[in-house]
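# Structural features, examined
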Amino acid sequence: MPLTTKLLILAMAAQVLLTIILLILMGRERVPRVMSGEIAIEDIAVERTAYPLKARLLSNCFDNQFQLPVLFYVAALLTLWVGTVSWLELALAWAFVVLRYAHAAIHVTTNRVEHRFATYTAGLAVLCALWLWLVLRLVVLSPGI
């Protein structure tokens, strides 16, 4: 298996790892509060507002991992399906993942919206570049695929 293929799979694994880390951190914030009776199940059955801020930030950040990253996974899988992973695709994939980690770190710590928005927008731009390149590569440059 070529190095670029392995590194793209590792980028996907790193994004999955971020999601799992956030899930674990969210569970550590939420479960003890419910188990101790601090928060009633009825109070969280529909909304998260009964949770303290840290738990809500983690929950929102976890939810974010099922938005743009879904488009990243599809792009990465499409790249793997084609069979050859270019260094450009690899660089864009890792840039996206690094920006998602930065976005998550901001989201669950300072939650400075302007910083969070900047990293989100940068990640979106990288993802758009990856998709633009893939479409160009697969449809225009290699119409026989």
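As a starting point, this report considers the structure included with it.

Here helix H6 (residues 113–141) is 29 residues long and its end C-alpha atoms lie 40 Å apart, about the 42 Å a rise of 1.5 Å per residue gives. Looking only at H6, the buried set comprises Thr-119, Gly-123, Val-126, Leu-127, Leu-130, Leu-134, Arg-137 and Leu-138. Taken together, the buried residues of H6 touch helix H4 (68–82) and helix H5 (87–108).

Taken as a whole, this structure holds three aromatic pairs when the rule is applied. Ring centres 5.2 Å apart and planes at 70 degrees place the aromatic pair Phe-62 and Phe-66 in the edge-to-face group. On the accessibility criterion, Phe-62 (14% relative accessible area) is buried. Members of the aromatic cluster, joined through ring pairs, are Phe-72, Tyr-73 and Phe-96.

Let us look at helix H1 (residues 3–35). Turn by turn, an α-helix covers 3.6 residues, leaving residues three or four places apart pointing in a common direction. For H1, with 33 residues, the first-to-last C-alpha span of 46 Å sits near the 48 Å given by 1.5 Å per residue. Gly-27 marks where H1 bends most, by close to 30 degrees. Considered for burial, the residues of H1 that qualify are Thr-4, Thr-5, Leu-8, Ala-11, Met-12, Ala-14, Gln-15, Leu-18, Thr-19, Leu-22, Met-26 and Arg-30. In this structure, the buried side of H1 is in contact with helix H3 (53–64), H4 and H5.

Residues Leu-8, Phe-72, Phe-96 and Leu-130 are the most contacted members of the largest nonpolar core, which totals 19 residues. Those elements that provide at least two residues to this core are H1, H4, H5 and H6. Top contributing element to this core by residue count: H5, with six residues. The contact partners of Phe-72, leaving out residues within four places of it in the chain, are Ala-11, Met-12, Gln-15, Ala-93, Phe-96, Val-97, Leu-127 and Leu-130.

Inspection of the secondary structure assignment puts Leu-8 in helix H1. Judged by its relative accessible area of 2%, Leu-8 is buried. With 79 residues separating them in the primary sequence, Leu-8 and Trp-87 have C-alpha atoms 9.6 Å apart. Setting aside its immediate chain neighbours within four residues, Leu-8 contacts Ala-76, Thr-79, Leu-80, Val-85, Leu-90 and Ala-93.

Reading the values: the criteria
Residues numbered from 1 in each chain as written. Predicted model: local features only at pLDDT ≥ 70, side-chain atom pairs only at ≥ 80, totals over all residues. Heavy atoms only, no water. Helix = DSSP H or I, 4+ residues; strand = E, 2+ residues; numbered from the N terminus. Expected span 1.5 Å × (residues − 1). Buried < 20%, exposed > 50% of the residue type's maximum accessible area, 1.4 Å probe, protein only. Contact = heavy atoms within 4.5 Å. Phe/Tyr/Trp six-rings, centres within 6.5 Å; stacked < 30°, edge-to-face > 60°. Bend = angle between axes of the 7 residues up to and from the residue. Core = buried A, V, L, I, M, F, W, Y, C linked by side-chain atoms within 4.5 Å.

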